[in-house]
Amino acid sequence: MESMESPEHAPPAPGSPPVPGGLPGPPPPGAAALPPGTFAGQVVLVTGGGTGLGKAIATEFARLGADLVIAGRRAEQLQAARVELAAVPGAGRVTAAVCDIRDPERIAEVFDAAAAALGLPDVLVNNAAANFPCPAEDLSPNAWRAVVDITLTGTWFMTREFGRRHLAAGTPGSIVNIGASYAWTGGPGFAHSAAAKAGVKNLVETLAVEWGPYGIQINGLVPGLFPHGDMSADIRDGLDRAGPDAKDARQPALRVGRPRELGWAATFLASPYARFVTGHTLVVDGANWQRRSLVNPEVVPVRAQLGRGPFEG
């Protein structure tokens, strides 16, 4: 959410000791990272494109002239986002499709409708995912399946449909999978999501080699902390408990990300200027996932962090 941006850090007064100021802020909203019209005549399909970071990514593709298909499970949110995206300066045509990415037949219908209305999507952004914090021992089979089926299996179903259609047509394409840094590090409290995102990262590396000869590139994009209005209640509550300024102080950049910065990264990875970049996962988090303390803080079990009592079986 752009209104959650922190102010720019003022330079130190002459003669005073240097004070860390963090990474500078990005250009203002409305700026574009690529030449105008970079995606003119191209169709971009964004899953989870009706809210949050998916909509932020779709916005930057729209600004560069793309025709957009935004897909998600909630028709009301999609229609509101469709109107908003269509009003972005430079945007092409914008359509919305209700789709549960766990359903391969519905995915095929969405691709059929997109091809009929706009053309076969040239770019696929796999942004849709599911997640919630939970101690591993408390995860039910249904909870595990819900997250893994959306985050990993749904991403695979979308990717498979996109790849098969381009392979059949003999046309190039570009895929961007939204990942998470705990695909490398593990994610205590998020065993279901971390395992699924590790699979998503591996798909990037596997398919880049397998489909590269046919002109299909695939990359990953990992966001850090990008506050926005559609954040889940558990994440927003955690930020609120940390205090109004703590979210910046906890980042090596001394600020959080702006949603448009993630959009700029996505448009670059899918652009003609990144054609030799494939099989790569780009982390956009101000180095937060690499942060280490000289002395590690005291270990607090996940159950305690989540305010849960002892496991009773």
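Residues numbered from 1 in each chain as written. Predicted model: local features only at pLDDT ≥ 70, side-chain atom pairs only at ≥ 80, totals over all residues. Heavy atoms only, no water.

J.: Tell me about helix 2 (residues 75–86), and please be specific about residues and values.
T.: Along its 12 residues, helix 2 runs 16 Å from first to last C-alpha, staying within 8% of the 16 Å computed at 1.5 Å per residue. For helix 2, every residue scored as buried is listed here: L78, A81 and L85. End-on view of helix 2: buried residues confined to an arc of 70 degrees, all on one side of the axis. Turned more than 90 degrees away from the buried face of helix 2 sit E76 and V83, all of them exposed. (Helix = DSSP H or I, 4+ residues; strand = E, 2+ residues; numbered from the N terminus. Expected span 1.5 Å × (residues − 1). Buried < 20%, exposed > 50% of the residue type's maximum accessible area, 1.4 Å probe, protein only. Arc of directions from axis to C-beta.)

J.: Tell me about the nonpolar core, and name the residues and values.
T.: With 29 residues, the main nonpolar core has F39, V44, F61, L68, V125 and L221 as its most contacted residues. When residues of this core are traced back to their parent elements, those giving at least two are strand 1 (43–47), helix 1 (52–63), strand 2 (67–72), helix 2, strand 4 (123–126), strand 5 (173–178) and helix 9 (259–269). Of the residues forming this core, the biggest block, 5 residues, is contributed by helix 1. For L221, the residues in contact, after removing those within four places along its chain, are V176, N177, I178, G179, L262, A265, A266, L269, T281, L282 and V284. One finds A114, L124, A130 and M158 within the second-largest nonpolar core, a separate group that totals 27 residues. (Core = buried A, V, L, I, M, F, W, Y, C linked by side-chain atoms within 4.5 Å. Contact = heavy atoms within 4.5 Å.)

J.: How would you sum up the packing of helix 4 (residues 141–169) against helix 6 (residues 191–211)? Please name residues and give values.
T.: At a minimum axis distance of 8 Å, the contact between helix 4 and helix 6 shows a crossing angle of 15 degrees. Classified by the angle their axes make, helix 4 and helix 6 are roughly parallel. Handedness of the helix 4/helix 6 crossing: right-handed. Judged by residue contacts, A143, W144, V147, V148, T151, L152, T155, W156, T159, R160, G163 and L167 of helix 4 engage A191, H192, S193, A195, A196, K197, G199, V200, L203, L207 and W211 from helix 6. Along the lines of polarity and charge, the residues of the contact of helix 4 with helix 6 split into 14 nonpolar, 7 polar and 2 charged. (Axes fitted to C-alpha atoms, helices over the stretch in contact; angles between N-to-C directions. Parallel < 35°, antiparallel > 145°, perpendicular 65-115°, else oblique. Left-handed = near helix turned anticlockwise from the far one by under 90°. Nonpolar A, V, L, I, M, F, W, Y, C, P; charged D, E, K, R; others polar.)

J.: So what's going on with the packing of aromatic side chains? Residues and values would help.
T.: For the coordinates displayed, the defined rule picks out 3 aromatic pairs. Look at F39 and F61: their rings are 4.9 Å apart centre to centre, the planes differ by 70 degrees, and that puts the pair in the edge-to-face class. On the criterion of sequence distance, the pair formed by F39 in the segment before strand 1 and F61 in helix 1 is long-range, its members being 22 residues apart. Here F39 matches F61 in class, with each residue buried. Ring geometry for W184 and W289: centres 4.8 Å apart, planes at 35 degrees, overall tilted. Taken as a pair, W184 in helix 5 (residues 182–185) and W289 in the loop between strand 7 (281–284) and helix 10 (302–305) lie far apart in primary sequence, 105 residues in all. (Phe/Tyr/Trp six-rings, centres within 6.5 Å; stacked < 30°, edge-to-face > 60°.)

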